[in-house]
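# Architecture and fold: a report
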Amino acid sequence: MQFTTPDMREITISDKSEACDFIKDSCKECNRKYECTGENAAFCNHMKNILVAKYGAAEGCLKESRIRHSMGVANFLFAYAKSHDWSKEETEDLYLTGLLHDIGYIDNPKGTDHGRLGAEILKRNGLNAEICELISCHGRFIENPSRKQALLWLADLCLNRDGDYIGYQKRYESIKERYKNDPERLFQVYRILEYLQIHFSEYR
């Protein structure tokens, strides 16, 4: 995956550890701590460059827990792809998808339609169509999902808000409480859960 550094050098990030190290080093360059504290954690300009090249004028924040969750999803997808001998390009794309999948929460703290909104942000800024489609559909059920879509569902439902693996059944219990006043959103998650129970029973 190609990225542009703050001084406009192009680099290729080939694996998870390189990505994490580069993010941390970039943030040091602008004297911003990567491990932000407080209820909200704004993405610094270097983080924006790394993740989405630049996604326009939006200057919103993501909760620190949302960032940790996204990092956990990215790590899960990376580890799964590597252990199942996916190609280097597929592995990098999955990692990036995991990092970006909840970017639609920016300026949208309740997460309403965040998959579609996130995909629109990324599409406007040139991210490839496949990743945008994966992100657009990550919170709603579709028939005959691609294997990447199914894996994004799996990772998103197996990792809690702190980016820790807890399995999709336990995660669903917490989601039920959060979405109790949004029956359509909860129904979509339930349909995804049913799919995972059939195809990924070992991650229950």
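The preceding data block contains the structure.
It should be emphasised that the depicted structure is a prediction, and the values quoted were computed from it without experimental measurement.

Definitions and limits used
All chains use their own residue numbering, which begins from 1 and follows the written sequence. For this predicted model, a pLDDT threshold of at least 70 governs which residues receive local features, and a threshold of 80 or more governs which side-chain atom pairs are given and counted, while totals over whole chains, interfaces and linings are taken from all residues. Where side-chain values are given, they derive from all heavy atoms of the structure, hydrogens and water being excluded. Take the buried Ala, Val, Leu, Ile, Met, Phe, Trp, Tyr and Cys residues and link them wherever side-chain atoms come within 4.5 Å; each set so joined is a nonpolar core. In this scheme, a residue with accessible area under 20% of its type's maximum is buried, one over 50% is exposed, and one in between is partly exposed, where area comes from a 1.4 Å probe on protein chains only. Secondary structure counts use DSSP, requiring at least four H or I residues in a row for a helix and at least two E residues in a row for a strand, with both numbered from the N terminus. Contacts are assigned to residue pairs that have any heavy atoms within 4.5 Å of one another. By convention, a stacked pair of Phe, Tyr or Trp rings (six-membered ring in the case of Trp) has centres within 6.5 Å and planes under 30 degrees apart, an edge-to-face pair has planes over 60 apart, and any other such pair is tilted. Only Lys NZ and Arg CZ are tested; either one counts as a charge over a ring when it is within 6 Å of the ring centre and within 35 degrees of the ring normal.

### Quick word on the nonpolar core
Grouped together as the largest cluster of nonpolar side chains are 31 residues, with contacts concentrated most on Leu151, Leu154, Tyr168, Leu196, Phe200 and Tyr203. Of all the elements in the fold, those that place two or more residues in this core are helix H3 (64-83), helix H7 (147-158), helix H8 (168-178) and helix H9 (183-199). Among the elements that line this core, the one with the most residues is H7, at 8 residues. For Leu196, the contacting residues outside a window of four places in its chain are Ala150, Trp153, Leu154, Leu157, Tyr168 and Ser201.

### Overview of the environment of Tyr80
The residue Tyr80 is located in helix H3 in this model. With relative accessibility at 14%, the residue Tyr80 sits in the buried group. Along the primary structure Tyr80 and Thr91 are separated by 11 residues, whereas in three dimensions their C-alpha atoms are 8.7 Å apart. Excluding anything up to four places from it in sequence, Tyr80 contacts Trp86, Leu151, Phe200 and Tyr203.

### As for the packing of aromatic side chains
Scanning the entire structure with this criterion turns up 7 aromatic pairs. Ring geometry for Phe141 versus Trp153: centroids 5.6 Å apart, planes at 25 degrees, classification stacked. Here Phe141, found in the loop between helix H6 (129-136) and H7, pairs with Trp153, found in helix H7; they are 12 residues apart in sequence, far enough to count as distant. Grouping residues by exposure puts Phe141 and Trp153 together as buried. Between Trp153 and Tyr195 the ring centres are 5.5 Å apart and the planes differ by 80 degrees, which places this aromatic pair in the edge-to-face class. Highlighted residues: Trp153 in helix H7 and Tyr195 in helix H9, separated in sequence by 42 residues. Of the two residues, Trp153 and Tyr195, neither departs from the other in class, the shared state being buried. Aromatic ring contacts, followed pair by pair, group Phe76, Tyr165, Phe200 and Tyr203 into a single cluster. Lying over the aromatic face of Tyr105, Arg66 brings its terminal NZ or CZ to 3.8 Å of the ring centre.

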